[in-house]
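Summary of the model geometry
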Amino acid sequence: LVFVMRDVVRSKAPLIAAATDTELWPQATAGSTKGAEVHKIVAGYRSSFWEDAELLLKYCQPIMDAIHILEGDKPLLSQLRSVYEQIRQHFEAIMAAPDTPDKVKRSRLLVVVEERMAKHYKPCFDAAYVVDPINFTKQEGEWFPPVAKLKNEERRAAFEVGAALWMLGLSLLSVGS
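First things first, this report covers the structure right here in the doc.

What counts, and at which threshold
- Residues numbered from 1 in each chain as written.
- Predicted model: local features only at pLDDT ≥ 70, side-chain atom pairs only at ≥ 80, totals over all residues.
- Heavy atoms only, no water.
- Helix = DSSP H or I, 4+ residues; strand = E, 2+ residues; numbered from the N terminus.
- Rg over C-alpha atoms; globule rule 2.2 N^0.38 Å.
- Contact = heavy atoms within 4.5 Å.
- Areas by Shrake-Rupley, 256 points an atom, 1.4 Å probe, with all protein chains shown as cover.
- Phe/Tyr/Trp six-rings, centres within 6.5 Å; stacked < 30°, edge-to-face > 60°.
- Buried < 20%, exposed > 50% of the residue type's maximum accessible area, 1.4 Å probe, protein only.
- Lys NZ or Arg CZ within 6 Å of the ring centre and 35° of its normal.
- Axes fitted to C-alpha atoms, helices over the stretch in contact; angles between N-to-C directions.
- Parallel < 35°, antiparallel > 145°, perpendicular 65-115°, else oblique.
- Left-handed = near helix turned anticlockwise from the far one by under 90°.
- Patch = residues over 30% accessible without salt bridge, like charges linked within 9 Å, V, L, I, M, F, W, Y side chains within 5 Å.
- Salt bridge = Lys/Arg side-chain N within 4 Å of Asp/Glu carboxyl O.

1. Quick word on the overall build of the protein chain
On a plain count of helices and strands, the protein chain comes out with 10 helices and 2 strands. Reading the protein chain from its N end, one meets helices and strands in the order α-α-α-α-α-α-α-α-α-β-β-α. For a compact globule of 177 residues, the expected C-alpha radius of gyration is about 16 Å, and the protein chain comes in at 24 Å, more than 25% above that figure. Dimensions of the protein chain along its principal axes, counting C-alpha atoms only, are 80 × 40 × 30 Å. By sequence separation, contacts in the protein chain at least 24 residues apart represent 56% of the contacts at least 6 residues apart. Carbon together with sulfur atoms contributes 61% to the accessible area of the protein chain, which is approximately 12,200 Å² in total.

Have a look at this one:
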């Protein structure tokens, strides 16, 4: 939907020109039961359509970015946590922005985003985040995993996954001996 809406918004001027062309539009929509409704929307008589479409694109941009990252040539499990955090921060900023329409501020947008992220969260995201050197930070000349960036429950879940993998590795090594 978002990808289609992006193309529609990019084509706004020609769509409005076509919808307001008094010769072309009646010919193009002859026999259509929806032609008059589409005309009202596209021609701007229902002015909120273009505004809503642009808001949809603005609000969904980090989700589209995340899809590109996660479906790319090198999707990285260790990046999921960062992608989720970027999405959450984006929607928090939207809700706090003074120019955000009241209808958006009154919505459950942020709650729905957080519920979705919690539904799909897996402890292995945090474990992968902690062990991926790309996420390490340098402190006093030494490189450290980003354990301090995790909340207590995330840290515990990451350590549980790590311990389970360690034990699996040990058991595989002992089988081979």
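2. Brief notes about the packing of aromatic side chains
Taken as a whole and assessed by the stated rule, the structure comprises 3 aromatic pairs. Centre to centre, the rings of Tyr-84 and Phe-125 are 6.0 Å apart; their planes meet at 90 degrees, and the pair counts as edge-to-face. Linking Tyr-84 in helix α6 (residues 80-96) with Phe-125 in helix α9 (residues 123-131), this pair joins segments that are 41 residues apart in sequence. Comparing Tyr-84 with Phe-125, the two get one shared label, buried. Ring centres of Tyr-121 and Phe-125 lie 6.0 Å apart, and the angle between their planes is 85 degrees; on these two criteria the pair is classed as edge-to-face. We classify Phe-125 as buried; its relative accessible area is 8%. In textbook terms, an aromatic cluster arises when at least three aromatic residues are bridged by ring pairs, as seen for Tyr-84, Tyr-121 and Phe-125. Between Arg-81 and the ring centre of Tyr-129, over which it is positioned, the NZ or CZ distance is 5.0 Å.

3. Remarks on the packing of helix α1 (residues 2-10) against helix α5 (residues 48-70)
The contact between α1 and α5 brings their axes to 9 Å, and the two run at 130 degrees. Regarding the angle of α1 to α5, the classification is oblique. Note that α1 runs across α5; the crossing there is left-handed. Of the residues in α5, those in contact with Val-2, Phe-3, Met-5, Arg-6, Val-8 and Val-9 of α1 are Phe-49, Trp-50, Ala-53, Glu-54, Leu-56, Leu-57, Cys-60, Met-64 and His-68.

4. A short note on the environment of Val-83
Inspection of the secondary structure assignment puts Val-83 in helix α6. Sequence separation between Val-83 and Leu-70 is 13 residues; the distance between their C-alpha atoms is 9.0 Å. Apart from residues no more than four positions distant in its own chain, Val-83 is found in contact with Ala-66 and Ile-69.

5. A closer look at a nonpolar patch on the surface
Taken together, the side chains of Trp-166, Met-167, Leu-170 and Leu-173 define a hydrophobic patch exposed on the protein surface, amounting to about 490 Å² of accessible area. As for its position among the elements, Met-167 is in helix α10 (residues 152-176).

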